[in-house]
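Residue-level structure breakdown
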2 protein chains.
Amino acid sequence: MNSKYWEQEIETMPREQLRQLQLQRLKKTIAIAANSPFYKKVFQENNITADSINSLEDIRKIPFTTKADMRANYPFGLVAGNMREDGVRIHSSSGTTGTPTVIVHSQHDLDSWANLVARCLYMVGIRKTDVFQNSSGYGMFTGGLGFQYGAERLGALTVPAAAGNSKRQIKFITDFKTTALHAIPSYAIRLAEVFQSEGIDPTNTSLKTLVIGAEPHTDEQRKKIERMLGVKAYNSFGMTEMNGPGVAFECTEQNGMHFWEDCYLVEIINPETGEPVPDGEIGELVLTTLDREMMPLIRYRTRDLTRILPGECPCGRTHLRIDRIKGRSDDMFIIKGVNIFPMQVEKVLVQFPQLGSNYLITLDTINNQDEMIVEVELSDLSTDSYIELEKVRKEITRQLKDEILVTPKVKLVKKGTLPQSEGKAVRVKDLRNNK
Amino acid sequence: MNSKYWEQEIETMPREQLRQLQLQRLKKTIAIAANSPFYKKVFQENNITADSINSLEDIRKIPFTTKADMRANYPFGLVAGNMREDGVRIHSSSGTTGTPTVIVHSQHDLDSWANLVARCLYMVGIRKTDVFQNSSGYGMFTGGLGFQYGAERLGALTVPAAAGNSKRQIKFITDFKTTALHAIPSYAIRLAEVFQSEGIDPTNTSLKTLVIGAEPHTDEQRKKIERMLGVKAYNSFGMTEMNGPGVAFECTEQNGMHFWEDCYLVEIINPETGEPVPDGEIGELVLTTLDREMMPLIRYRTRDLTRILPGECPCGRTHLRIDRIKGRSDDMFIIKGVNIFPMQVEKVLVQFPQLGSNYLITLDTINNQDEMIVEVELSDLSTDSYIELEKVRKEITRQLKDEILVTPKVKLVKKGTLPQSEGKAVRVKDLRNNK
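Each chain has its residues counted from 1, following the order in which its sequence is written. A letter from A marks each chain and a number from 1 marks each ligand, given out in the order of writing. Whole-chain, interface and lining totals are the exception, using all residues; otherwise, since this is a predicted model, local features are given only for residues with pLDDT of at least 70 and side-chain atom pairs are given and counted only at 80 or more. Here the side-chain values reflect all heavy atoms present in the structure, with hydrogen atoms and water set aside.

Considerations on the side chain of A:Glu375
Runs of H or I in DSSP of at least four residues are treated as helices and runs of E of at least two as strands, each being numbered from the N terminus. Following the sequence through the fold, A:Glu375 ends up in strand S19 (residues 369–378). Using a 1.4 Å probe on the protein chains alone, a residue whose accessible area is under 20% of its type maximum counts as buried, one over 50% counts as exposed, and one in between counts as partly exposed. Positive charges are assigned to Lys and Arg, negative charges to Asp and Glu, while His and the chain termini are left out of the count. One speaks of a salt bridge when a side-chain nitrogen belonging to Lys or Arg is within 4 Å of a carboxyl oxygen belonging to Asp or Glu. There is no salt bridge for the buried A:Glu375, and the closest opposite charge comes from A:Lys411, which lies 5.0 Å off by N-O distance.

Take a look at the structure:
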């Protein structure tokens, strides 16, 4: 096997045929889901049966499923299959912010999942002759077992290093000649630093391919990781509710993540109205599983914001591509009628070497007008010259306006001035009267 | 399927037939091993080929393989298969005490391993309708992925809880109605305590079966765990070099662990001489893999001390049973010509409620005579009465003499008097002149 594709027929399936496959699987999924207490009730209340779905658009007849629904029906209210006989694995969110969400898989589900992960890894050039090291936590976190089973399915030599212990990770990479590594972006940067402190040139190891995901990051961070480790880094998208990794993944074009549409139906909606947004516009990702038997999810609101990238991909895969995740719909704010995501602001700021990484967006009412103030810390390397700084400030303002269509007030502040985040950074402070 | 056996034909195979199968697999194993740089050299130096092995006893023509051999040939000097093409997983010891030992598996090896673990779990009554929670660490530690793949192979509903976070473990047990749990013995006791502090009666949960291993423990500790959690607890034996869990496991008779002889050839040797000990005598366990393709190990000195239990098992399985691990051959000491293991002393001490858990064995030369002094701390509950204590001391001395055939000098000391261990307890101090 020396093809570009893990499953050529499915990956390059003409879109009309792919949509037919989706419709057929959607009807099957609805028939299965009707066996769960939750969907049985939802379908009865909305007069839904598999027969009432005659086009992919008909899915809009079905209400969304939310995380709150999953919590209200914890632990097994959405399980449709015979869990006692056929359930083989439970994954669960950490539940640190409330009741955990739970997903139950059958053997079919695990097989399908492992195959999707193998398809992703194969797509970026990882082959059975590669050595694949996984620095994810294992156990309930799906990045561990998800990549483990997928990489084994591919036939790669897996190194289940699990999270932490950077010196040991580096020993494995060095001794086992690891060629492909899965890591969250911040940890990839950390590893590069530890390589250096161990006296090893991080650009000169056996590593060729990095799989990065699970943590929002910008393309600039990706490029930084590629430079620091001398690798190609590919963006991975997944979530426990949709199995875990293997949902969408970049191809070697590094221009958007192919969404495996034979297994997922993708909608992008306006998070305020629930209506679909036009292709290419940012909105909330809503997903339906098409190949899961034990616990299908229908129209699941992921809260993740992205957009469908227009046009065909030169790689030949026909499955749609989504842009990197732009943030969470909970983080979105509206000012002067425009929907804005902190990620859009960050994307501009990160390009200025004069700036540090800490910033704060304040929304305020000034003279009865909504104003957006962007405060950003200077880096250690920046100049003290007022004239220079003023030039930078103006350029930032111009680029932000281009990106978000609103002109913010930009303030450059000294390093250490803004509040430090512990854990998830607070990027937006809304002080408006009318919010 | 409602049989007692996962694989009846193999589990109840008449011993003569089992030995035939072992011989055939041993010859195959030697042929495979000859492709590894390490065994190629060993075999050449000793004129060994598969054809020179015509009985199981012929294995004694081959030298032992030691942990030092594995370290000297780190990482891949013992790999016999085509690792690049067929290797799918590396497991490695933690390497905290030196170069780690590394085991490489093919898909065949992982399948065989998962099947053995499923056979163990099935043997103690775990079925596909059970909910199996694994509180092992995952990643490189084989207790994680080993039980995960085995329990999935069985078809149980697995809960990959991974190590730590007792409240979360308990939430899983309660919410998912876990019926079978894998835990190290000390953690099982900890969980019972946390159940209590959460206001849940630990004897009244959905738990029915506990799998305990990885940590040496006495039968008394097992019974304590059974009482505290209201379960049956089964002893599991495994080690990374032999895959991990699934090597030997108690049946419901709870009288010794059946060693899966279709996949392992068992020898028990005198650790001093390397010669086999008679059946029933304690010695060092030496193991040969019989169904591993990527990296067979031949006559691997485990350093674990045990003995083969005589007689047939009422469960109908013909595979030999070993006694629980008595300690490490490194810990063995010889006094007055008798081989003694600290575990034998501990086994006696643990039966006295007047005693705490801390003890120290000192070997000393007194008047040109070797003497063995056993100091043991009293528990909080013990009496202060000299007469009472003297009675206890004499009874301990008598029982120790029965167990180890040497009369030690026993000293009862106050709690907190003996040095506290951090990590692995130091149980033997040898001050003899002639050691």
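Let us keep going from here.
Details of the environment of B:Val413
All names here are of chain B. Tracing the backbone shows Val413 in strand S20 (residues 409–413). The class for Val413 is buried, based on a relative accessible area of 14%. Once you skip the residues sitting within four places of it in the chain, Val413 turns out to touch Glu375, Val376, Glu377, Leu378 and Leu418. Should any heavy atoms of two residues lie within 4.5 Å, those residues are counted as being in contact.

Observations regarding the sheet that holds strand S11 (residues 283–289) of chain B
Residues and elements named next belong to chain B. Across the sheet, which stays open at both edges, the four strands sit in the order S10-S11-S12-S15 with antiparallel pairing between neighbours. Both outer strands of the open sheet, strand S10 (264–269) and strand S15 (327–328), are each paired with one neighbouring strand and no more. Should DSSP find at least two bridges between two strands, the strands are taken to pair. As defined by bridge partners, strand S12 (residues 300–306) adjoins S15 across two bridges and the pair is classed as antiparallel. Looking at S15, one finds that Leu305 is bridged to Gly327.

A few points about the sheet that holds strand S21 (residues 428–430) of chain A
Residue and element names in this part refer to chain A. The strand order across the open sheet built from four strands is S20-S19-S18-S21, with neighbouring strands paired in mixed fashion. At either end of the open sheet lies a strand with only one pairing partner, and these are strand S20 (409–413) and S21. For this sheet the average axis-to-axis angle between neighbouring strands, irrespective of direction, equals 20°. As judged from the nine bridges shared by strand S18 (residues 355–366) and S19, these two strands associate in the antiparallel manner. Within S19, the position partnered with Asp364 by the bridge is Glu371. Each axis is a line fitted through C-alpha atoms, taken for helices only over the stretch in contact, and angles between the N-to-C directions span 0 to 180 degrees. Taken strand by strand, helix H11 (residues 342–349) contacts S18, S19 and S21, and its axis lies near 135° from that of S18. On the sheet, helix H12 (residues 386–404) packs against S18, S19 and S20 and is oriented at approximately 140° with respect to S20.

Points about helix H2 (residues 15–33) of chain A
All names here are of chain A. The span one expects for a helix is its residue count, reduced by one, times 1.5 Å. For H2, with 19 residues, the first-to-last C-alpha span of 26 Å sits near the 27 Å given by 1.5 Å per residue. Regarding H2, the residues found buried are Leu18, Leu21, Gln22, Leu23, Leu26, Thr29, Ile30, Ile32 and Ala33. Turning to H2, the residues buried within the fold contact helix H3 (37–46), strand S10 (264–269) and strand S11 (283–289).

Notes on the interface of chain A and chain B
Every contact between the two is made by 42 residues of chain A and, on the other side, 42 residues of chain B. Buried area: the sum, over both parts, of the accessible surface (1.4 Å probe) that disappears when the two are put together. Between chain A and chain B, the buried area comes to about 3,300 Å², and carbon and sulfur atoms account for 60% of it. Of the charged contacts in the structure, one is a salt bridge between B:Glu85 and A:Lys128, with a shortest N-O distance of 3.8 Å. Whenever a nitrogen or oxygen atom comes within 3.5 Å of another N or O atom, the pair is scored as a polar contact, on the condition that within protein one atom can donate a hydrogen and the other can accept it, and that pairs from neighbouring residues in sequence are kept only if both atoms are in side chains. Across the contact surface, chain A and chain B share 14 residue pairs in polar contact (both at pLDDT 80 or more). Elements that contribute at least two residues to the side of chain A that touches chain B include exactly helix H5 (83–86), strand S1 (87–92), strand S2 (102–106), helix H6 (107–123), helix H7 (142–154), strand S4 (157–159) and helix H8 (166–176) of chain A.

Taken by themselves, the reported measurements are silent on function.
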